[in-house]
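Take a look at the letters that make up each chain.
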Amino acid sequence: MELEKKYIDSIANSFEKILNGNRIVVLLDEKGKIIFANDFFLKLSGYDDRIKGKDFFEIFIFPEENVKDVFENVISGKYEQIHINHIRKADGNKKLILWDNYLLKDLQGNPLTLSLGNDITLIEEYREDLGKINRLFTSNIESADDKMKEICKEAWLISGASCFMYNKIYDNKVKTVYRFGVPESFPYEFIGEDSPCLKVYESMGGEFETGDDFPFNFGSFKKYYGHMVKSGDIKYGVLCFLFESKDAEIKKDRIRILADYLGREEERKRLNDGILAEKNRYKLFFDRMPYGVYFMSWPDKKIEYMNDRAFELTGYNKEELYAFGKDVFEKIIHPEDKQKFIDFVASDDAFKSSIRLRWVKKNGSIIWTERMLTPSYDEKGNLKYIFAVVRDITAEKKYNEDINSYTKSILLASQIDSIFIKSKHEEIFIKVLNTLINITSSKYGFMGLLDENSNLNCIAMTENVYRDCKMGDSISHSFIKNSSSLWSKALLENKVKVINFNGKVPNGHVEISSAIAMPMSYGDKVYGVIILANSEGGYSESEEKIVGKILSHISDRIYTLLENEKLKKREERMRESIIKAARLESVGVLAAGIAHDFNNILTSIMANMSILKEKVSGELREIADETLENADAAKSLASQLMFFSKKVKPLIEKTDSNVFLKDLFNFLARGVSANTEIKLDAKINGLEIDRGQIRQALSNIFINASQAVSTISDPKINICIENIEIGKDDVFKKAGHYVKISIRDNGVGIDKEKIERIFEPYFTTKEKGSGLGLYMTFAIIKKHDGYIDVKSEKGQGTEFIVYLPSMADPFVEKGTKDLIVESHNLSILIVDDEEIILKSLGRILKSFACEYYTATNSTLAYEIAKTKSIDIAIIDLTLKRDESGQNINTKLKEIKPDLYTVMSSGYSEEVILSDYKKYKFDNTMPKPYKIDDVKNIISDYIKKRKKA
């Protein structure tokens, strides 16, 4: 067809320039082997022609970038697509390339991939400025002149220069095409001799910057920078920037990119002006080029010629399309765009800028196209033919829509952030909800948060929701689980849910024509939901994406806000605790003094009674036992008083667990009406404990249990004591042997929200409770390196479990009779200023057939140590108006280095009872004590003497 050949020949020559221009062109066979790579790509990558025939992906693609999938999709004919990836240069560095891929076929019909690429490395590196440039370059500005002007304006804004000019050089004259910030007095055209603009134009590097030695005389400006605008070897003009400071920083990288973009626009304009005048030397390549090209007669709109790519864009074959004749216009162009195209051809800009139209393909699908038009006139000057170059911009348009969606998301996120920064706490939720309602044009909105029982509580709603939707302030978890509503599914599945049709609603509920339900979550935890409804036109996919993007933004900030509120409440409780702790400290000072005097008196009672017990039998022995039990309880009272003094630590004693725990719980069980069952193994491992403190801790738990069952018909308390071995973990920092003590009742139980606070000081669930019992219990167990746990359900009873570190075997105290034989003739010094202590302790020592001496002050103690043969010294820590017990111990050991010394006190300002070895004591015997305590001291001394 002569006409077809005529116009193919007239435009084909321009595509040789595409191959050799400033754009990457790579042609690959179906296996990814390189058939052709243009000079621009070779220079950019640092390789030469020797790469032809080699695997493109092995040479250029990093393993972590999955580019082969794109290649395989193109080769298989699924789709052609735009993508971005890095290439590996010959020197190992990276370049970021934007590729546009097309499927071609060679003469034998084998598939080929043509990839056209642009180097966008600097765009990635300077994203903020270059993002503006990129949006400008891909904008819908249809006039080439207007687009170049906008690029120049952006160059001026980015550079920070006071003045800007885009100049062109003609016969040593400089002509300004565009300028910004330049005084009106400055001419648009001037002689270029010796001007910095001409230096740029004539320079090898294409840029020039004035130095201190340059005679620059242009008003108040002190610095000039110019950069060439060119494409290939063709020079178009110079970008000129004027600065008022010699030290001005010049964003050369951005300017170079803008100059490059401007050069491409100049080149595109030049090609569009002259493309139809070029001769086609590569017809076969032209037919297979990646852009659609067609030639249409006007005004009958009949297609005279289309290249292969144009046919592919329509989905029709040549015979079908040519057969349409002038109807092809009606077949291909979207009905809504037909008049737009006719009006555009008739306008002044028709052959200066591009137009974007929708094409309807044979299968009914729609693609977006951009086309440049070139006219051909008859001898009378009437428009006879139109040449068009068409490209598929569907993917690009979607990309721009995604960018717009992203920008909208950023702006919305900024609004949301402003709400959180500027609003009061109680206003934030409704303001966030209203913002979402406004951007989606919704009529109804609701925001709810899940509580600890997974019930949904309203935090914000529009006024019409309560009225029209019959929603209360709270929705139970059981209702949510069984509901088929959109928002319940969103909550349970942690997914955004959308409907754009009339949904099923309960009677009396407003009709829902469209709705979107968005779960609020932090990590995997769903904690609330936002519901919007009845948007005009429904919720589009793009709108859903925007709202979806902002959802995590909102969720994170609301979650942080809620957590901060919890933190504030904890801080308030901490402040209360500090105040309470100060009260406890005041109580401790008073309590410690009372306990000291109380213990001295109690020591005399317990010591004397324990002696009587050894000498009587029958009913009198039972009386003595009961008296000692009550004295032990009184000892616990003293220990309880001492607990409030922070200076006092546990006074550790080796303890026969079987006897101690059995006696304790039997004693406690006698005072309650509950059916108490005690299960205690016969060989419980020995404990090293402060007996008074542990007695108090376990008594507090038992008393709580007895009070919990006091109102039920069949009260029961079960006590189980057993040995257990535990490995090291987050709870038990110390691995080893433990005694596990479980105290379980069948009482009323403890509420879930209260169980976390039962060990706080002053927290109580009882009307007349002090709130100190379980607090003391927790602190005592912790001081013993133990652990306490509690399990309870409302109406199902409560179980307290105490774990105390133990010995590896049971501990049995030595019998008194055996000890009397071994302790015969021992000599013991008692250093104490309380007469009742000296008398009662003397009676105990006498019962062991020991010789003893008493000293009421340090001077007398030193004299006895120097003159008498002393084996053991029992030293009180606090003698009135005398040296401390520590000093007395030190000096006695200087006199007698092998002396076995025992620390004894009912109260210590220095708090050394629990660290006696640190102060060179051999043992400790806290007040009050009885005959068994003295027996243990003597037994320990005899043991050590035998080892020595």
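Refer to the preceding data block for the structure.
Because the structure is a prediction, the values reported are computed rather than measured. (Residues numbered from 1 in each chain as written. Predicted model: local features only at pLDDT ≥ 70, side-chain atom pairs only at ≥ 80, totals over all residues. Heavy atoms only, no water.)

1. Section: the side chain of Ser-521
As for its placement among the helices and strands, Ser-521 is situated in strand E21 (residues 515-522). When neighbours within four sequence positions are excluded, Ser-521 is seen to be in contact with Asn-494, Val-526, Tyr-527, Ser-555 and Asp-556. (Helix = DSSP H or I, 4+ residues; strand = E, 2+ residues; numbered from the N terminus. Contact = heavy atoms within 4.5 Å.)

2. Regarding helix H23 (residues 657-669)
Relative to the 18 Å expected for 13 residues at 1.5 Å per residue, H23 spans 18 Å between its end C-alpha atoms, a close match to the ideal helical length. Residues of H23 that are buried include every one of Ser-657, Asn-658, Phe-660, Leu-661, Leu-664, Phe-665 and Leu-668, and no others. Residues of H23 that are buried in the fold lie against strand E23 (653-655), strand E24 (675-680), strand E25 (687-689), helix H24 (691-708), strand E26 (716-726) and strand E27 (736-745). Among the residues of H23, the N-terminal cap falls to Asp-656, whose side-chain oxygen and the backbone nitrogen of Asn-658 are separated by 3.2 Å. (Expected span 1.5 Å × (residues − 1). Buried < 20%, exposed > 50% of the residue type's maximum accessible area, 1.4 Å probe, protein only. Polar contact = N/O pair within 3.5 Å; in protein donor to acceptor, adjacent residues only side chain to side chain.)

3. Observations regarding the packing of aromatic side chains
Inspection of every chain in the model, using the stated rule, returns 19 aromatic pairs. Summarising the aromatic geometry, the rings of Phe-57 and Phe-71 are spaced 5.1 Å apart at their centres and angled 65 degrees between planes, so their arrangement reads as edge-to-face. Within this pair, whereas Phe-57 is found in helix H4 (residues 56-60), its partner Phe-71 is found in helix H5 (residues 68-75), the two being separated by 14 residues in sequence. With 5.2 Å between their ring centres and 55 degrees between their planes, Phe-164 and Phe-241 make a pair best called tilted. Pair noted here: Phe-164 is in strand E6 (residues 163-170) and Phe-241 is in strand E11 (residues 234-243), with a separation of 77 residues, a long-range link. There is no split in this pair, since Phe-164 and Phe-241 are both buried. Pairwise contacts between aromatic rings join Phe-41, Tyr-47, Phe-56, Phe-57, Phe-60, Phe-71 and Trp-99 into one cluster. It is Lys-94 that lies over the ring of Phe-62; its NZ or CZ is 5.0 Å from the centre. (Phe/Tyr/Trp six-rings, centres within 6.5 Å; stacked < 30°, edge-to-face > 60°. Lys NZ or Arg CZ within 6 Å of the ring centre and 35° of its normal.)

4. Overview of the nonpolar core
One finds Phe-665 and Ile-741 to be the most contacted residues of the largest nonpolar core, which totals 33 residues. Listed by contribution, the elements that provide at least two residues to this core are H23, E25, H24, E26, E27, helix H26 (773-783), strand E28 (787-792) and strand E29 (798-805). For this core, the leading source of residues is H24, giving six residues. Once you skip the residues sitting within four places of it in the chain, Ile-741 turns out to touch Leu-661, Phe-665, Leu-698, Cys-720, Ile-721, Phe-800, Ile-801, Val-802 and Leu-804. (Core = buried A, V, L, I, M, F, W, Y, C linked by side-chain atoms within 4.5 Å.)

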